[in-house]
Amino acid sequence: MNAVITDPAAAIPGLTWNNRFATLGPDFFTELRPTPLPSPYWVGRNQAVARELGLQEQWFASQESLDLFTGNVLAQGSQPLASVYSGHQFGQWAGQLGDGRAILLGELQTAAGPQEIQLKGAGLTPYSRMGDGRAVLRSSIREYLCSEAMHGLGIPTTRALCITGSDARVRREEVETAAVVTRMAPSFIRFGHFEHFSYSDQHEQLKILADFVIDNFYPECRDAAQPYAELLQAVSERTAHMVAAWQAVGFCHGVMNTDNMSILGLTIDYGPFQFLDAFDPGHICNHSDTQGRYAYNKQPNIAYWNLFCLGQALLPLMDTQEQALAALESYKTVFPEKLEGRMRAKLGLPDSRPEDKALIEGIFKLLAADRVDYTIFWRRLSGLAAGGPPEAVRDLFLDRQGFDTWLLQYSERAAPVDQGLRADFMLESNPKYVLRNHLGEQAIRAAKLQDFSGVDTLLKLLQAPFGEHPDHEAFAGFPPDWASSIEISCSS
Ligand code: AMP
Ligand code: MG
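The structure displayed is predicted, hence computed values, not measured ones. (Residues numbered from 1 in each chain as written. Chains lettered and ligands numbered in written order. Predicted model: local features only at pLDDT ≥ 70, side-chain atom pairs only at ≥ 80, totals over all residues. Heavy atoms only, no water.)

(A) A look at the layout of surface pockets. Counted as a void, the largest pocket has a volume near 790 Å³. As for the largest pocket, its lining consists of 35 residues, of which Gln89, Arg101, Arg129, Cys490 and Ser492 are closest to the centre. At three residues, the largest contribution of residues to the lining of the largest pocket is made by helix α4 (residues 137–152). Taken together, domain 1 (6–191) and domain 2 (202–344) each give at least three residues to the lining of the largest pocket, which thus spans both. Here the second largest pocket is characterised by a volume of approximately 520 Å³. Around the second largest pocket, the lining is made up of 16 residues, and of these Phe335, Leu339, Ile360, Glu361 and Phe364 lie nearest the centre. Per-class residue counts for the lining of the second largest pocket are 10 nonpolar, two polar and four charged. Each of domain 2 (202–344) and domain 3 (349–427) contributes no fewer than three residues to the lining of the second largest pocket. (1 Å grid on protein atoms, 1.4 Å probe; cavity = no way out; pocket = protein on both sides within 12 Å on 5 of 7 lines; lining within 4 Å. Points joined across faces, edges and corners; volume = space filled by probe spheres on them. Helix = DSSP H or I, 4+ residues; strand = E, 2+ residues; numbered from the N terminus. Domains from an automatic or database assignment. Nonpolar A, V, L, I, M, F, W, Y, C, P; charged D, E, K, R; others polar.)

(B) The arrangement of the coordination of the magnesium ion (ligand 2) in detail. Binding of the magnesium ion (ligand 2) to the protein goes through Asn260 (OD1) and Asp269 (OD), at separations of 2.0 to 2.1 Å. In this structure Asn260 comes out as buried when scored by relative accessible area, which is 10%. (Donors = N, O, S within 2.8 Å, 3.2 Å for Na, K, Ca; no water. Buried < 20%, exposed > 50% of the residue type's maximum accessible area, 1.4 Å probe, protein only.)

(C) Expanded view of empty space enclosed by the protein. All chains considered together, the criterion is met by three cavities of 30 Å³ or more. Taken as a whole, the largest cavity holds about 70 Å³ of empty space. For the largest cavity, the full set of lining residues is Phe21, Leu81, Ser83, Asp99, Leu104, Glu116, Gln118, Phe188, Ile189 and His193. Those elements that place two or more of their residues in the lining of the largest cavity are β5 (81–83) and β9 (113–120).

(D) Fine view of the site of ligand 1. Taken together, 17 residues lie around ligand 1, and Gly98, Gly100, Arg129, Gly133 and Asn260 are the ones closest in. In this structure, a nitrogen atom belonging to ligand 1 sits 3.0 Å away from a side-chain N or O atom of Asp132. Between Asn260 and ligand 1, the recorded distance is 2.9 Å, taken from a side-chain N or O atom to an oxygen atom. Here ligand 1 loses 81% of its free accessible area of 480 Å² to cover by the protein chains. Taking a 2 Å distance to the grid points as the criterion, the majority of the atoms of ligand 1 fall inside the largest pocket. The residue makeup of the shell around ligand 1, split by class, is two nonpolar, seven polar and eight charged. Mapping the shell around ligand 1 onto the domain boundaries places at least three of its residues in each of domain 1 (6–191) and domain 2 (202–344). (Near = heavy atom within 4 Å. Polar contact = N/O pair within 3.5 Å; in protein donor to acceptor, adjacent residues only side chain to side chain. Areas by Shrake-Rupley, 256 points an atom, 1.4 Å probe, with all protein chains shown as cover. Sits in = over half its atoms within 2 Å of the grid points.)

Here it is, written out as structure tokens:
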């Protein structure tokens, strides 16, 4: 099982590999091969991403493809590597981390530009530390489903092409089995990559990395008077956009360490995440997060804290500290704007009015007081705009009077907006389906018994979360009582 593959190599028909990250040089990564897993099998294949990559359907289903995406044969023309990064974990400097179980194969060309392809769980790397280089089936299914769910919701994220599984045993709290998720993103560079070179006083490499990111992903920053401050500002804005989208949909990431923050503002590294069931602003989804550092309502400030770390790391490239602080300020203006925009969309209000802030705060207060189911509330409110009965929404609250008062305010505010347009806008802004913990859990339980149909059903549903799927009403219902006893930790 520890044999490193050298041969054979498999070509993906019609596609050629590139690897711009590899041009950065050996200070940034270690070249290595994935470690094979015995007798792999398919757990899930995502045809949507396959189409974006231009994979031929028949080839994608082949044994060669299964072996390639497990890491059992080398992708011909690829240049596999694990990158080095560092980071702050739970508020503390953690030193060197790096790709401990992810191996970058390289880039494939898509209509949306080059996309990096990474195998997560593909074996030991020089950065594995105490880990085994593997990922378990359970967490791999969660990542596969959630990244595609986020994409379906219009939230910036890494994507997932497929999962392969093996009966190889992996020890966590209990013995589980191994899996590999093939992930895709324009780049997997994290805040932690910058911190790594800054904290180790490798300022030349820090500049090489920043120039690489600017030239390839933020070319508009190049002509600014201070390109690195401009980069920090652009990253702050993208991060603000991402976190506003999380808050609006009720998504908790769970481990917002700086090594889990994408330099492109993508949601990355799906671990103990959760979509809120009942609306609890202080909800902590990660069972290992005993202090609640990454609680739902702390996420916006934590994102700023993380950006501050990035700013600190970039300081050697700037003339003054003020440049970094000014760049970071943009987060404080963009985040509330983006959040208000997302919340207005949920309310079906296309234009902004001064009274909207109070309206939004008002509904959050009511939802929190009665621990109303977050997704169901917004979907039923959309249904009300579409001509549905008010009771369906009203009955969600214990404080009916409070809700009636709010509804009256909202109705007055919404009156000038064409009702049909508002209903359409709301139904496109308030998903019917999100990846609730218990839905993932049901698919995982079946998958552990070799039934992968639930994974595929959920994937397709979550890729179209705003649609009506009459055959799958149950997936849009309230969580069962046992959902609140699911404990999701960092173990993955
Ligand atoms: P995470 O909390 O999943 O973002 O991981 C934090 C760090 O631990 C990263 O450097 C990961 O690559 C590494 N890591 C997590 N799990 C494993 C594992 N099973 N084997 C090797 N490295 C791991
Ligand atoms: Mg991570």
